[in-house]
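# Fold and geometry: a report
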Amino acid sequence: MQGTIRFVNPAAERMFGYKTTEAFGMNASRILEYQEDRKTKLVRLLWAGHWDEEIELTGIRKDGTRFPVQIHGSKASTADRTVFTLSVRDITKEKRADERLQQLASLPDDNPLPIVESNLQGKVTYINPETSSRFPDLRAGTSLHPLLAKLPDAIKQLAEEGIRRAVEEVQVGDLNYELHVCYVPSKRFVRLFAFDVSDRHEAMYRAKTTGRARYVVFDPLLDREALAKSRSVFPA
């Protein structure tokens, strides 16, 4: 497999900064960087024809900047040659979000967010003090609580799609929470972060009932607060 580029679509042109005319004839190693073990695995999967698992590599733009990517591939053969097609996805934002969640998880006892850890069957193994404060009826050893209502669905999604993080929403009493459920493969458990999004739901409800749903979702104050909260957890 020579790895000579024959075509890039418009999305790839924007991602890497090369026009098709520039990329034609270029070796794929100019835009994809990988360690030898990743290269061996990539070649093996490409010759197999297709695969479901994701491979993480490093993309290289025309200006030399590097960024994390996930790729999938397929193979098509004719009488005289074999062509491989790679689908490349920029995962920079996901990586930053994962890093931020890892930072939040590094000192869970001091974290202002409710944090819950469970095994892969959804049984709670740890709750931080903030969780105990907000949900005194949620205790380690249980799997039944309104906050955990969507946890089985999230765990199933993590397993079936091979992703690192699933997002669900639940209602606990009068409050709405956005749950970020992350798989920790080294310890084979999931960690749940609960973000209170009740203000967002209230703003959307007010916009709908006042006939402004097509134009304004947040009022200015709530919009600024929501933006500040999202940036503090998932910076751009």
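Treat the numbers as computed from the prediction; the structure is a model and nothing was measured. (Residues numbered from 1 in each chain as written. Predicted model: local features only at pLDDT ≥ 70, side-chain atom pairs only at ≥ 80, totals over all residues. Heavy atoms only, no water.)

## What about the overall build of the protein chain?
In terms of helices and strands, the protein chain carries 8 helices and 9 strands. Partitioning the intrachain contacts of the protein chain with sequence separation of at least 6 by distance along the chain shows that 39% fall at a separation of at least 24. A total of about 14600 Å² of accessible surface is found on the protein chain, and carbon and sulfur atoms cover 52% of it. (Helix = DSSP H or I, 4+ residues; strand = E, 2+ residues; numbered from the N terminus. Contact = heavy atoms within 4.5 Å. Areas by Shrake-Rupley, 256 points an atom, 1.4 Å probe, with all protein chains shown as cover.)

## Regarding the confidence of the model for the protein chain
Per-residue pLDDT for the protein chain has a mean of 78; in total, 73% of the residues score no lower than 70. Long-range and interchain partners of residues 229–236, a stretch whose pLDDT sits below 50, account for 14 contacts in this model, where long-range means more than four residues apart. (pLDDT = per-residue confidence, 0-100.)

## Topic: the pairing of strand E5 (residues 115–118)
By the alternation rule, side chains of E5 split into Ile115 and Glu117 and Val116 and Ser118, which are all buried. Counted between consecutive antiparallel strands, the loop separating E5 from strand E6 (residues 124–127) contains 5 residues, among which Gly122 sits at a positive phi close to 90 degrees. (Buried < 20%, exposed > 50% of the residue type's maximum accessible area, 1.4 Å probe, protein only. Pairing = 2+ DSSP bridges.)

## Considering the side chain of Ser118
Turning to its location among the elements, Ser118 is positioned in strand E5. Classification of Ser118 by relative accessible area gives buried; the value is 1%. Discounting chain neighbours no more than four positions away, the residues touching Ser118 are Lys123, Val124, Thr125, Leu151, Ile155, Phe189 and Val190.

## Things to note about the packing of aromatic side chains
Under the criterion given, the structure shown has 2 aromatic pairs. Between the NZ or CZ atom of Arg61 and the centre of the ring of Phe67, over which it lies, the distance is 3.8 Å. (Phe/Tyr/Trp six-rings, centres within 6.5 Å; stacked < 30°, edge-to-face > 60°. Lys NZ or Arg CZ within 6 Å of the ring centre and 35° of its normal.)

## As for the sheet that holds strand E3 (residues 66–77)
Spatially, E1-E2-E3-E4 is the arrangement adopted by the 4 strands of the open sheet, whose pairing is antiparallel. Lying at the two open borders of the sheet, with one neighbouring strand each, are strand E1 (32–33) and strand E4 (82–90). Strand direction decides the pairing type here: E3 and E4, joined by 9 bridges, are antiparallel. Across the sheet, the residue bridging to Val69 is Asp90, located in E4.

## Concerning the nonpolar core
With 20 residues, the main nonpolar core has Leu147, Tyr177, Leu179, Val181 and Leu192 as its most contacted residues. Going through the elements one at a time, E6, helix H6 (151–161), strand E7 (165–172), strand E8 (175–184) and strand E9 (189–196) are the ones with two or more residues in this core. By residue number, the principal contributor to this core is H6, which donates 4 residues. For Val181, the residues in contact, after removing those within four places along its chain, are Leu151, Ala154, Leu158, Arg164, Arg165, Ala166, Val190, Arg191 and Leu192. Within the second largest apolar cluster, 16 residues are counted, among which are Ala23, Met26, Ala28 and Leu57. (Core = buried A, V, L, I, M, F, W, Y, C linked by side-chain atoms within 4.5 Å.)

## Focus on H6
Listed in full, the buried residues belonging to H6 are Leu151, Ala154, Ile155 and Leu158. For H6, the angular spread of buried residues about the axis comes to 100 degrees, placing them on one side. (Arc of directions from axis to C-beta.)

## Overview of the sheet that holds E6
Judged by pairing direction, the sheet is antiparallel, and its 5 strands sit side by side in the order E6-E5-E9-E8-E7 without closing on themselves. The sheet is open, and its two edges are formed by E6 and E7, each paired on a single side. Recorded for the sheet is a direction-independent mean angle of 25 degrees between the axes of neighbouring strands. In terms of strand pairing, E5 meets E9 through 4 bridges, oriented antiparallel. (Axes fitted to C-alpha atoms, helices over the stretch in contact; angles between N-to-C directions.)

## Thoughts on the pattern of salt bridges
Pairing between side chains of opposite charge can happen when their charged atoms approach one another. The final tally for this structure, using the stated rule, is 10 salt bridges. Ionic pairing is found between Lys62 and Glu22, a salt bridge with its closest N-O pair at 2.6 Å. In this pair, Lys62 sits in the loop between strand E2 (55–60) and E3 while Glu22 sits in helix H2 (residues 20–23), placing the two residues 40 residues apart along the sequence. Given the relative accessible area of 35%, Glu22 is considered partly exposed. Close ionic contact of Arg61 with Asp90 constitutes a salt bridge, the shortest N to O distance being 3.4 Å. Here Arg61 is found in the loop between E2 and E3, whereas its partner Asp90 is found in strand E4, with 29 residues between them in sequence. The exposure class of Arg61 is partly exposed, given its relative accessible area of 25%. On the basis of relative accessibility, which here comes to 31%, the residue Asp90 falls in the partly exposed class. One connected set of salt bridges, linked through shared partners, spans Glu56, Lys95 and Arg164. (Salt bridge = Lys/Arg side-chain N within 4 Å of Asp/Glu carboxyl O.)

## Some details on the side chain of His180
Of note, His180 is situated in strand E8. Reaching out from His180, the side chain makes a polar contact with the side chain of Arg165 at a distance of 3.2 Å. Here the side chain of His180 touches Glu178 through a polar contact of 3.0 Å, side chain to side chain. (Polar contact = N/O pair within 3.5 Å; in protein donor to acceptor, adjacent residues only side chain to side chain.)

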